[in-house]
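Residue-level listing of the chains:
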Amino acid sequence: MNESVILMFPIVLPVLFGGAILCVPRIRSRSALLCAAGAGLILTALSVLAVLLGNADTYTLFYLTKSLPVYFRLDGIGRLFAAVMALVWLLGGVYSFSYMKHEKEEKRYFGFYLIVYGIILALAFSGNIITFYLFYELMTLFSVPLVLHKGTREAVMAGLKYLLYSLCGAYLVLFGIYFLFRFSNTLSFTWGGVLNQELIGGREPFLLFTAFLMILGFGVKAGMFPLHSWLATAHPEAPGPASAVLSGIIVKCGVLGVIRTVYYLFGAEFLRGSWVQTVWIALTLFTVFMGSMLAYREKLLKKRLAYSTVSQISYILFGLSVLDGTAMTGALLHVICHAFVKCALFLCAGAIICKTGRTRVDELKGIGKEMPVMMWCFTLCSLALIGIPPTGGFVSKWYLAVGALKSAVPVFSWLGPVVLLVSALLTAGYLLPIVSDAFFPGAEYESGSFEKKEADPYMLLPIVILTALAVAMGVLSAQIVPFLQTAAG
Amino acid sequence: MQPVMMFVAVLLPVLAGVLAMLIPFSKRKYLEIFLEGMSLLDSVLVYSLLTHRPTEAFAIVRFTGDLTLSFRIDGMGMVFGALAAALWPLAMLYAFEYMRKEKHQKLFFLFYMATYGVTLGIAFAEDLVTMYFFYELLTLVTVPLVMHTLTREAILASRKYLYYSLGGAAFGFLGMIFIIVYGISPDFVLGGSLDLAAVGNRTDLLLLIYVLAFFGFGVKAAVCPFNSWLPDAGVAPTPVTALLHAVAVVKAGAFAIIRLTYYCFGTEFLRGTWAQTVVMTVTIVTIVYGCSRAVKETHIKRRLAYSTISNLSYILFGVTIMTPAGLVGALSHMIFHAVMKICSFFCAGAVIHQSGRNYVYELDGLGRRMPKVFGIFTVSAMALTGVPGLCGFISKWNLAKAAVESDNPLAFAGVGALLVSALLTAIYMFTIVLRAFFPVGEPDPEAAQDICDPNWYMLLPLFLFVLAIVGFGLYSAPIVEFFTKISQGLF
Amino acid sequence: MDFVCNIPFISILLSLFSGTICSVLPGRAAKWVNTAVIVSVGIMSAILLVYVNGTQESFVYMMGHFPAPWGNEIRAGVLEAGMALFFCMIMLLCMWGGRKKLDEEVEESKHNLYYILVNLILSSLLALIYTNDLFTAYVFVEINTIAACGLIMIRQIGRTLEAAVRYMIMSLVGSGLLLIGICMLYDLTGHLLMSNIQEAVAQILEEGTYTVPLVITMALMVTGLAIKSALFPFHAWLPDAYGYSTISSAAILSSLVSKGYIFLLIKIIYRVFGFSVFHDSHIINVLFVFGLAAMIFGSLSAIKESDIRRMIAFSSVAQIGYIYMGIGLGTKVGMIASIYHIIGHAAGKALLFIAVIGLTDASGFSRSFFDLDGAAYRNKIAGIGFTVGALSMVGVPMFAGFVSKLLFAQAAVNNVGKLMPTMIVLAVSTILNAIYFMKTVIRIYTPAENTEFAVIPLKREKLYGVAVVLFVILNITLGMLSQPVVDMIRSGLEMFA
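This structure is a prediction, so every number in the text was calculated from the model and none was measured.

Definitions and cut-offs
Residues numbered from 1 in each chain as written. Chains lettered and ligands numbered in written order. Predicted model: local features only at pLDDT ≥ 70, side-chain atom pairs only at ≥ 80, totals over all residues. Helix = DSSP H or I, 4+ residues; strand = E, 2+ residues; numbered from the N terminus. Rg over C-alpha atoms; globule rule 2.2 N^0.38 Å. Buried ≥ 20, exposed ≤ 12 C-beta atoms within 10 Å, placed from the backbone. Contact = placed C-beta atoms within 7 Å. Core = buried A, V, L, I, M, F, W, Y, C linked by C-beta atoms within 7 Å. Domains from an automatic or database assignment. Expected span 1.5 Å × (residues − 1). Nonpolar A, V, L, I, M, F, W, Y, C, P; charged D, E, K, R; others polar. Axes fitted to C-alpha atoms, helices over the stretch in contact; angles between N-to-C directions. Parallel < 35°, antiparallel > 145°, perpendicular 65-115°, else oblique. Left-handed = near helix turned anticlockwise from the far one by under 90°. Arc of directions from axis to C-beta. pLDDT = per-residue confidence, 0-100. Pairing = 2+ DSSP bridges.

This next bit is on the overall build of chain A. Scanning chain A for helices and strands turns up 20 helices and two strands. The C-alpha radius of gyration of chain A comes to 22 Å, within 12% of the 23 Å expected for a compact globule of 489 residues. Residue burial in chain A is summarised as follows: out of 489 residues, 63% are buried. Contacts in chain A between residues at least 24 apart in sequence constitute 81% of all its contacts with a sequence separation of at least 6.

What follows is the structure, given as structure tokens:
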């Protein structure tokens, strides 16, 4: 027993609370349920805080087989992701308190919500790929109930689609792990890679293929082309807060997986200049553009946001794929920024559905009059997503572009920033009309016909906090960036 | 222990079954106690045999020439024997509850017990002849179990089962003959007992015979294209389907192939030949085929049967890698799949028994009514899919590791097949789970009011199995270590 | 010479004369005489077996005062004694098992006739087993044929008459060929005693003078006996003859009569031509091919057949194919396998015939396969008997058929050229056997819907039950404790040479 055991608390606590909510029949009334859920959320967030502030290092839980330990380690990337996850998930939970009043089966929702909380934190703390894979699978399985919560036929089908896409990705990863294990000394994450040149013995082409499969596999969760379509199906069907964390956090787990694979298992050096890098960059750029285009054409608000996620996550992946320190800093920044922004946007969309039942973009005319505070947050977040200074989005995209230009990747070093720019314009194209219509509904709408429908505090508070953070990111980037730069090597 | 105890262990269940038939029990309870006691007694006997292994062989009877029926327990035999001994008493308990409403119970239990003995006979067989002997007997004692309900489907299914099994054994017989003639002795020796000097330049002939024998024994292990008997045999009562057609019988096929490959022909002789390519291709095809059929199937038990087909070929895939590591993978999947599949079958059986529903689309919302059963089913589904932390992951890991280490490109393709199959497994297992727990639309509160979890007869085995699934999944080091020793011939 | 050496002669004579006696006795008495004769011959053969097993060499028994090459001789070794004992056992059980049916199917006045015929069959079989003289063999072949015709006809319905005529014609063609062969051999060698002929044949081959006629002679004799033992494609007479005669006739015909000819053939191969001569001729390959063909086509015909009795008859065709295949392998192990199969098949097939009559009786005397639903529940002992017989035929371990299959396969491995065809046909034939036998087994255990047929309790048919049980025990013993039998065959064959 060492002090690193503290790493276990953020993982075990929410799982315990979630399990209790699911299994203990005593928790019957809504208030009891909310108490339990709230306690779970807050305790977990506090324990994450304790972990981040403490000096926990590594912790081996047990051995699956002799060579496969379930092993946790806290490093820079892990801290970053844990912090973002803990915060966003907590806010999403708070939001749910109010939102879920309108849905049935609250108990089930909160139970699984908490369990997944623990699992994603475990992902952040995972010290080797087996542990990561373990929790990655569990995350998929336990988040399915969140997606299909509504229980309609469409929702169940969406849940199934989500499950299958995710598992498909997971198995691509597993395929890679099998081979990686053959060619490396260890599966623990080590900056610079774990490959053993002696074991490889001239089988680089095969190993590159393996690496590509793993990237593709994690790319499924991160919505990378060609396996991105689950996002657009799953998000609209999930309840508001669920789609918010789905888009804000769970897709980031795919990103985390890619980071771990590329930088900590294969090593950036191994991939640099190979066909894998080229194809990967091409895929991310294509996804960036395609996602924005699809979002631009989409009329359903949540689906539009989902496509936007597809596009934005590939910004991050692009930053990772150029294999450059600065670009990676940008990518990490964008992880944070996008988590806040997209989560807030989805929460807004949820609030709209919850209060007015409107789902389509063209129904939102004048909504700014009805829900002004929320809509202001929506506006700010849109700006952040587009990348208007001084919001967080601007900083991250700046680093991305600089990194890309700095890197020596042929063609893409300039094509990348161009695509990012075009996509930013498209982003503006699909977000700003909503805002302008919301506040300026036009002549045919009598301003008197709008009634105040502002969301209640439980819903509004998380939105406001997230928006504030997104904006503050840009202002405070000077403080964050050094930390990220160390994390990005 | 005295070597004769091996024979006693084989004979005891058979005698117990016959006795149960003859003794007029005044209450069913006494019959249950008698049978359960006997199977427990035999399992205890088996376990004490395994811990205190008799060093010598025990010959029962001499056939012709130097061919004898004799028992000896080696590492492989320990694994299979322990598996049977662990599962049988539990399955017995389950069967009491399941069969309560059925007719001809005594006859059923007679054959159910006899199968136990015969399975142990396969496990303890010292040589190929003895194994073949019990292998055929296994077919015979299990046919009445398949026929049990005596409906038209049952009759047709048992007929098919019989044709396939006997036909397969006919080809297995070829392999046996060649081992008798070209082997140093028909006894099982790790690394093979072929007399290479006697083989001379007839390598190709022997390889052909190996392939034929592989398919022959493979019929029981349901390799493509000889697998259609298995889903049909699902008409049998669930204790039979679960224990025999997911564990004992089909595993006997896999066991026979392991014996044939590792202990008779020898991996040195087979590795890298066209024979290996052929058999490995077949297993890979079966892996994918079984899963895809399972996805299409809507009858629960048939779906699980197709899943069994696929999973059996996991084992065989491990075998066909033909390295010690492959054997480790095969053995671990043999044990772990047994636990997972019997667990899921018993869940399916509990559902059928409690609700009379047989099809996947009838399960909407049953998860609420039978939370324990479906909870356990979910765990077994996750294990079958290969979620880490449960035992299915360990065996798949071992298999894939062996395949990757073998540096055989076909085996790499096999790893791919394993993963495709895992995905399909997820589809066919989780659709059941999803339906049960997340019914589409508003559930009718009136419907299925009287359906509930079964009593402890059924639940106890289920709980023990689920414990095993999790236990092996989290802490598999000793057992995998044991398998490794077996594969290196240390046992 | 020990007194025991008289046994072969006495047993042939005893059965021959008891036949004559039966003609004047009433049916009941004839039945007892018949049983007593079979039992006593059996006991004597057993004593003889013990004796020759002790001395480990065969002996020649001179009939009358003339020594070879003029006189007539009888010869007995382990194999002969063993076969005689075994044939008696089978015959006794067949008689017991078919007794009740006989009473029902055959007119009261003809009962003693039936026992005459059975005694004649026994005596001719014994003579075929023991004789050392080709002409004696021919004489008893004819006696055998006529008696067998009588056995078929004794149940007087149209089909049996037709079958008997067919049988007669085919058999006479066979014996005609055999006779021509014997004549030519006499021409070539000037002898009729087997041992003398063998010397002469060796001389002919050495001189290289009459090799072609010798081969033709061989071919004629083999063909003759093959027709008589219903080797494919000469089996056309068989299904009706076995299918419609009274059941003990069918059992005796299939398990003993045809086997007697095969045994004679083996004896001719070893004792007249010499195994190596026979082995070097191409006849052996022809036998092998026809044997394989019989295994497949016999089974295929059986699968198509819906009359249960005829189905079993067709199965005999396949099984005889096994025996010829073993002979055709041309190895000693193959020969052992063939002889073992003669025994194993006799035990199994007789059991099947006896058992099936119980099943058809329990199904309103319908012979149609489709009426047998649930027959095994109505006549339990017959059901068990049929199952055991069927499993033995399929070659499931524990029963006699498995051992012969094992021996065949082992024999085949030693013969490189014929290895693959044998193996494949063996496997395929096993599958085909499994198809029609298991189909039947499952059908008889399928409960019939609204059947009006009554259950036949065991108590009413004690003798039948005993016969079936003894048959089952015999089959299992042959399957599990085959070693003594195989040893016997091996040493018997050594004594032949």
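Within chain B one finds 20 helices and two strands. The C-alpha radius of gyration computed for chain B amounts to 21 Å, which stays within 12% of the reference 23 Å derived for 491 residues, consistent with globular compactness. Projecting the C-alpha coordinates of chain B onto the three principal axes gives extents of approximately 75 × 55 × 45 Å. For chain B, the share of sequence-separated contacts (at least 6 apart) that also reach a separation of at least 24 residues comes to 80%.

By size, the foremost hydrophobic cluster in this structure holds 629 residues, and its most contacted members are Ala344 of chain A, Ile342 and Ile469 of chain B together with Ile354 of chain C. Taken together, domain 1 (1-271) and domain 2 (292-489) of chain A each give at least three residues to this core, which thus spans both. Ile354 of chain C has contacts with Cys94, Gly97, Gly98, Ile247, Ala251, Gly385, Ala467, Val468 and Phe471 of chain C, leaving out every residue within four places of it along the chain.

Taken together, the contact pairs 26 residues of chain B with 27 residues of chain C. No other element matches the 15 residues that helix H6 (residues 152-182) of chain B contributes to the side of chain B that touches chain C.

Residues and elements named next belong to chain A. Looking at chain A, the domain boundaries give domain 1 (1-271) and domain 2 (292-489). Using only C-alpha atoms to locate each centre, domain 1 and domain 2 end up separated by 23 Å. The partner domain 2 presents 35 residues to the 39 residues of domain 1 that form the contact. At the level of secondary structure, the elements contributing two or more residues to the side of domain 1 that touches domain 2 comprise helix H3 (76-99), helix H9 (229-237), helix H10 (240-266) and helix H11 (268-271). With 14 residues, the top contributor of residues to the side of domain 1 that touches domain 2 is H10.

It is worth spelling out unusual backbone geometry at this point. A cis amide bond links Phe225 of chain A with the next residue in sequence, Pro226 of chain A, at an omega value of 10°. Considering the arrangement of structural elements, one finds Pro226 of chain A in the loop between helix H8 (204-221) and H9. In this structure, the amide linkage connecting Cys224 of chain B to the following residue, Pro225 of chain B, adopts the cis form with an omega of 0°. With respect to the helices, strands and loops of the structure, Pro225 of chain B is situated in the loop between helix H8 (203-218) and helix H9 (229-232). Positive phi values are uncommon outside glycine, yet Leu150 of chain B reaches one of about 60°. Within the element layout of this structure, Leu150 of chain B appears in the loop between helix H5 (128-147) and H6. Among the residues examined, Leu150 of chain B registers 14 C-beta atoms within 10 Å and is labelled partly exposed.

Turning our eyes to something else, we now look at helix H1 (residues 7-22) of chain C. Its 16 residues give H1 of chain C an end-to-end C-alpha distance of 22 Å, which sits within 8% of 22 Å, the value for a rise of 1.5 Å per residue. In this fold, the buried residues of H1 of chain C make contact with helix H2 (27-55), strand S1 (59-63), strand S2 (72-76), helix H3 (78-105) and helix H4 (111-130) of chain C.

All right, on to the arrangement of the chains then. If you rank the two pairs of chains in contact by how many contacts each has, first place goes to chains A and B. Without any contact between them, chain A and chain C keep their closest C-alpha atoms 41 Å apart.

Attention now goes to the interface of chain B and chain A. The interface of chain B with chain A comprises 28 residues on the first partner and 30 residues on the second. Looking at the side of chain B that touches chain A, the elements that each hand over two or more residues are helix H17 (391-405), helix H18 (409-437) and helix H20 (477-487) of chain B. No other element matches H18 of chain B, which puts nine residues into the side of chain B that touches chain A. Considering only residue class, the side of chain B that touches chain A consists of 22 nonpolar, four polar and two charged.

Residue and element names in this part refer to chain A. Two elements in contact, helix H12 (residues 275-297) and helix H13 (residues 301-321), have axes whose closest approach is 8 Å; the angle formed by their N-to-C orientations is 155°. In terms of orientation, H12 and H13 fall into the roughly antiparallel class. You can see that H12 and H13 cross each other, and the crossing is left-handed. Two secondary-structure elements touch here, H12 through Gln277, Trp280, Ile281, Thr284, Leu285, Thr287, Val288, Gly291, Ser292, Leu294 and Ala295 and H13 through Arg304, Tyr307, Ser308, Val310, Ser311, Ser314, Tyr315, Leu317, Phe318 and Ser321. When grouped by side-chain class, the residues that make up the contact of H12 with H13 number eleven nonpolar, nine polar and one charged.

We now examine helix H7 (residues 194-207) of chain C. Given 3.6 residues to a turn, an α-helix orients residues that are three or four positions apart in the same direction. All names here are of chain C. Between its first and last C-alpha atoms H7 spans 20 Å; for 14 residues at 1.5 Å apiece the expected length is 20 Å, and the two agree. Taken as a whole, H7 has its buried residues at Met194, Ile197 and Val201. In a view along the axis of H7, the buried residues occupy a sector of 55°, so they form one face of it. Set apart from the buried face of H7 by more than 90 degrees, the exposed residues are Gln203, Glu206 and Glu207. The elements touched by buried residues of H7 are helix H5 (134-153), helix H6 (158-189), helix H8 (211-228), helix H10 (247-273) and helix H11 (275-280). In the segment just after H7, Gly208 is the residue with positive phi, at about 75°.

Mapped onto the secondary structure, Gly167 of chain B falls in helix H6. On the basis of neighbour counts, which here come to 22 C-beta atoms within 10 Å, the residue Gly167 of chain B falls in the buried class. Each C-alpha atom of the pair Gly167 of chain B and Gly216 of chain B lies 7.4 Å from the other, and the pair is 49 residues apart in sequence. Sequence-distant contacts of Gly167 of chain B, that is, excluding residues within four places in its chain, are made with Val219 of chain B together with Ile431 and Ala434 of chain C.

Before going further, it helps to spend a moment on the packing of helix H1 (residues 9-23) of chain A against helix H2 (residues 30-53) of chain A. Residues and elements named next belong to chain A. Put simply, H1 and H2 touch, their axes get as near as 8 Å, and they point 175° apart. Comparing the axis directions of H1 and H2 gives the class roughly antiparallel. Here H1 contributes Phe9, Pro10, Leu13, Pro14, Phe17, Gly18, Ala20 and Ile21 to the contact with H2, which in turn contributes Leu33, Ala36, Ala37, Ala39, Gly40, Leu43, Thr44, Ser47, Val48 and Val51. Tallied by class, the residues present in the contact of H1 with H2 amount to 14 nonpolar, four polar and no charged.

Model confidence for chain A is summarised by a mean pLDDT of 84, while 98% of its residues fall at 70 or above. For chain A, helix H7 (residues 197-200) of chain A is the element with the lowest average pLDDT, namely 76, and H12 of chain A is the one with the highest, namely 89.

Attention now moves to the environment of Thr326 of chain A. All names here are of chain A. Among the structural elements, Thr326 can be located in helix H14 (residues 325-356). Separated by 158 residues in the primary sequence, Thr326 and Leu484 have C-alpha atoms spaced 9.6 Å apart. The residues touching Thr326, leaving out its near neighbours within four places in the chain, are Tyr399, Val402, Gly403 and Lys406.

For the rest of this paragraph, the subject is the confidence of the model for chain B. With 98% of its residues at a pLDDT of at least 70, chain B reaches an overall mean of 86. Across the whole predicted complex the pTM is 0.87, and at the interface the ipTM reaches 0.85.

To continue, consider the pairing of strand S2 (residues 68-73) of chain A. Within a regular strand, side chains alternate between the sheet's two faces. Residues and elements named next belong to chain A. Sheet topology places strand S1 (residues 58-65) next to S2; six bridges connect them, and they run antiparallel. Directly across from Phe62, in S2, lies its bridge partner Val70. Where S1 folds back on S2, the antiparallel hairpin that results is connected by two residues.

We now examine the environment of Leu399 of chain B. Residue and element names in this part refer to chain B. Structurally, Leu399 can be placed in helix H17. With 81 residues separating them in the primary sequence, Leu399 and Gly318 have C-alpha atoms 5.7 Å apart. With residues up to four places along the chain from it excluded, the contact list for Leu399 reads Tyr314, Phe317, Gly318, Gly329, His333 and Leu418.

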